[in-house]
Structure formats: structure tokens, C-alpha cells
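Architecture and fold: a report
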Amino acid sequence: MGENRRLAAVVALAQGMAAAHTPRESWRAAALGVCRALEGSFAALSVWERERGRLRVLVNVGDRAPEEEEFPEDEAYPVHQFPEITEFLHERWAAGGEPDAWVETAEGPAAGQPGYCHQRVAALRRRGRGCCVVAPIVQHGRAWGELYVARRAGAPVFGRSDADFATVLAAVVAAGLAQTERLEEARRLAFTDALTGLANRRAVDVRLDEAIERHRADGVVVSLVVCDLNGLKRVNDTLGHAVGDRLLERFGSVLSLCGAMVPGALVARLGGDEFCLLAVGPPADEVVKAADEMCRRASELELGEGVACGVASTEDVIGPVRSARRLFRLADAAQYRAKALRADRPVVAGREGPDDPVVRLADEPSPPAEGPAERRRFRGRHP
């Protein structure tokens with residue numbers, strides 16, 4: 001491959017990774033870009049999980065063997081079967097060398113040092129591949145993982161220049177992965193409440209809008225729990241805001257624990273003393289059960305005065321739900337009623353007969369307002 005083609009391949013690899021929006025997309029773009037650049041038939045990207053002593057495959061692309069999934073859930077190999085990443089590379093770096101790529105062929109020895117089988121050569125033969133080039137990926141001066149690119153049996157064998165080029169490509173991939181991790185962390189922070197570590201209002205808005213679209217298209221059940229932590233102001237006023245923050249954190253842990261009872265639930269702090277749980281798919285009764293457990297546990301916290309909790313689900317008799325705003329109003333109205341009744345259990349919209357007071361309250365006309373002010377419109381009213 002000429003220098004111009006190689007330069008173009010490097011640019012294409014960098015651009016492909018830059019266009020990725022998720023870690024999976026980034027992994028796939030890396031493997032595909034390197035596979036094309038090296039004119040391989042198959043490529044894989046693996047990460048070294050030091051704490052578990054294994055190489056875990058993140059993605060397989062190209063001509064995959066029957067057992068090779070694109071994004072495998074549990075394809076991993078003990079590092080002792082591939083000692084280069086822990087022994088050979090570290091010894092070279094300690095001597096001032098660079099983490100160069102190397103080539104293996106199906107004609108190579110099937111055994112390496114005493115005590116282990118040369119797994120790469122065995123795998124080449126087993127999967128009908130003639131050769132591979134392995135390039136370590138290094139971040140912050142440490143081995144992060146590796147790129148593996150193979151060619152079919154009968155194709156030209158990788159040479160030293162290919163290995164040198166793979167080393168360059170691995171450096172580009174390392175930079176792309178670092179950028180992806182930074183973006184992912186930025187996205188995580190943008191959708192995370194800093195105090196409790198739960199999701200924030202922005203995350204709920206995005207997920208709920210998507211959920212309502214699914215409900216309208218496919219009838220999927222969407223349930224929303226809104227709860228207000230009682231007694232926070234008293235704690236702040238008498239014991240200080242640091243203690244109040246601890247109460248918020250402790251309740252956040254309770255909500256997270258109870259949210260785990262509902263598969264796929266999102267738990268969030270909406271702001272101040274308001275929290276919520278969003279479930280998409282599970283039956284409403286499962287969500288109510290989790291909310292009931294949350295109320296029980298909240299009442300046992302040393303600080304605070306329990307919670308007022310309201311639930312609204314598209315599975316209950318609440319009328320058509322065509323917008324996220326209406327489901328929020330219903331859950332908020334149920335929470336308001338729970339607070340007015342000083343209920344120690346959730347109030348569920350649509351479960352108090354044909355003239356349900358929660359549904360009636362939620363559907364009453366109100367001034368067109370948005371954001372937190374709209375969510376608090378039930379406060380100060382009479383049930």
C-alpha cells in the first residue's frame with residue numbers, strides 16, 4: 001500500500017471514530033477502519049481487564065466465524081494465554097522500547113513458552129485464517145488492550161511494514177477511544193445529578209419523550225412515579241444544609257434500591273426535594289409495588305418525614321396519554337393528593353373510580369407555564 005493510500009486510511013479511521021456517538025459505535029469504527037487500512041478480512045478490538053486477568057473482546061467485524069458475535073457478551077480469554085501483552089510488552093517498555101505490533105502466521109509454532117499453547121496460532125488454523133497482526137493500544141503509558149487484524153488463508157502474509165503501520169493505526173485508535181471516553185463522561189455529567197448520582201431532569205425528559213412515542217406507536221406501558229421528600233426544609237433550617245444534603249443522598253440510595261425491583265427503570269432527582277422513577281414496559285402493578293417499598297423505606301430514615309408519592313401509568317384508567325407533559329401532570333397530581341392526605345403509601349392515578357379526583361385535578365385547565373413552575377402548580381391547592 002502506497003503512502004498516500006495509507007495516509008487516506010488514517011484520515012478515514014480518525015473521521016470514522018470522531019463521528020461515533022456511543023462507545024460501541026467507536027469500537028466498531030475502530031475495528032472496521034483498521035481492518036480496511038490493513039486490507040484484512042477480519043478484525044477485533046479487545047480490552048485488557050487487569051482486575052480479572054483477561055482480554056475481553058469488545059467487537060468483531062468482517063468475516064466472522066460462527067462463534068464470533070459482533071458485540072459479544074462474554075468472549076474473553078485469560079491473559080496467560082496471550083502473555084505478550086503483560087510480559088513481552090512490559091519488558092520492552094522497561095528497556096525504553098515502543099509498543100510495536102507484531103505478526104503471527106498459521107505456519108508458526110503451535111506452542112510457545114512451556115506451560116501454555118500459542119493460542120493465536122491455534123485460532124488462526126481453527127478459523128481458516130492465514131495470518132494476523134496484533135497491535136497493542138496504549139493509554140496513559142499503560143496497555144489498554146489490543147487490535148487484532150487477520151487475513152484469510154492463502155492471502156498475502158502481513159509483513160514488517162504492515163506491522164509498523166498497525167502500530168500507527170493503534171495510536172490513532174487510542175486517541176479516538178480517549179476522545180470517546182471524554183465525550184461519554186461529558187454526556188454522563190450532563191444527564192446526572194451531581195449530589196445523588198441519579199439521573200437528572202434532562203435525562204428524564206429525554207427518556208420520557210422517547211417512551212411516550214413508543215407508547216403511541218406500539219402501546220408499550222409507561223409508568224411514572226413522582227415523589228416529594230417531606231421534611232427537608234425543617235432539616236435544612238434546624239440542622240444545616242450539609243445534613244439536608246445527606247438526607248437527599250440517603251433517599252437517593254433508597255430510590256435506587258427500590259428502582260432495581262423494576263427492570264430497566266430510570267431513577268432521577270428532578271431538583272430540590274423532588275425525585276422520580278420512570279419505567280417503560282413492566283406492568284403498572286410492579287411499579288406500584290416498588291413505589292410502596294420506597295415509601296416504607298423512606299419512612300424509616302432517621303432524618304426527614306417520609307415521602308409523598310404519586311404514580312401514573314398508561315396501563316391504568318387515565319385516558320389517552322399523547323404527551324410526556326400529561327403523564328407528568330397525572331403523576332404530580334397523584335403526588336399532591338398523597339401529600340394532602342398525608343398518605344404513607346403511593347396514590348395511583350385512575351384507581352379511585354370513574355370520577356377519579358387525581359385525573360380530574362390533572363386535567364383541569366391551568367395557565368400555560370413550563371418547567372418547574374408548571375410542575376408545582378398543584379402545590380397550595382385544596383384536594
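Here the structure is a predicted model, which means the values were calculated and not measured.

Cut-offs used in this document
Residues numbered from 1 in each chain as written. Predicted model: local features only at pLDDT ≥ 70, side-chain atom pairs only at ≥ 80, totals over all residues. Heavy atoms only, no water. Core = buried A, V, L, I, M, F, W, Y, C linked by side-chain atoms within 4.5 Å. Buried < 20%, exposed > 50% of the residue type's maximum accessible area, 1.4 Å probe, protein only. Helix = DSSP H or I, 4+ residues; strand = E, 2+ residues; numbered from the N terminus. Contact = heavy atoms within 4.5 Å. Expected span 1.5 Å × (residues − 1). Arc of directions from axis to C-beta. pLDDT = per-residue confidence, 0-100. Lys, Arg positive; Asp, Glu negative; His and termini not counted. Salt bridge = Lys/Arg side-chain N within 4 Å of Asp/Glu carboxyl O. Polar contact = N/O pair within 3.5 Å; in protein donor to acceptor, adjacent residues only side chain to side chain.

With that out of the way, let us pick up the nonpolar core. Core analysis: the largest hydrophobic core is formed by 38 residues, its most contacted members being Leu38, Ile137 and Val173. Among the elements of the structure, helix H1 (3-18), helix H2 (23-37), strand S1 (42-49), strand S2 (54-62), strand S5 (129-139), strand S6 (142-152) and helix H5 (160-190) are those that each provide at least two residues to this core. A total of nine residues in this core trace back to one element, the largest contributor, which is H5. If we ignore the near neighbours within four places in the chain, the residues touching Ile137 are Leu45, Arg142, Ala143, Trp144, Gly145, Glu146, Leu147, Ala170, Val173, Ala174 and Leu177.

Between the first and last C-alpha of H1 there are 23 Å, a value that for 16 residues agrees with the 22 Å anticipated at 1.5 Å per step. Restricting attention to buried positions, one finds in H1 the residues Arg6, Ala9, Val10, Leu13 and Met17. Angular distribution of buried residues about the axis of H1 spans 100°; they occupy a single face of the element. Among the exposed residues of H1, those oriented more than 90 degrees off its buried face are Asn4, Arg5, Leu7, Gln15 and Ala18. In this structure, the buried residues of H1 make contact with H2 and H5.

For the protein, the mean per-residue pLDDT works out to 86, and 87% of the residues sit at or above 70. Note that pLDDT drops below 50 for residues 111-117; the model gives that stretch nine contacts with residues more than four away or on any other chain. Across residues 367-383 the pLDDT falls below 50, and counting only partners more than four positions away or on other chains, this stretch makes 37 contacts in the model.

Next up on the list: unusual backbone geometry. Its identity as a non-glycine residue notwithstanding, Glu39 has a phi of 55°, on the positive side. Mapped onto the elements, Glu39 comes out in the loop between H2 and S1. One non-glycine residue, Arg342, lies in positive phi territory at about 50°. Under the relative-accessibility criterion, Arg342 is labelled exposed at 78%.

This paragraph deals with the side chain of Asp356. Relative to the assigned elements, Asp356 resides in the loop between strand S11 (347-348) and helix H11 (357-363). For the buried Asp356, which has no salt bridge, the nearest side chain bearing the opposite charge is Arg337, at an N-O separation of 6.4 Å. A polar atom in the side chain of Asp356 sits 2.7 Å from the backbone nitrogen of Val358. At 3.1 Å, the side chain of Asp356 and the backbone nitrogen of Val359 are in polar contact.

Secondary-structure assignment places Ser313 in strand S10 (residues 307-313). Residues contacting Ser313, with those up to four places away along its chain left out, are Val221, Val222, Ser223, Ala284, Ile318 and Leu327.

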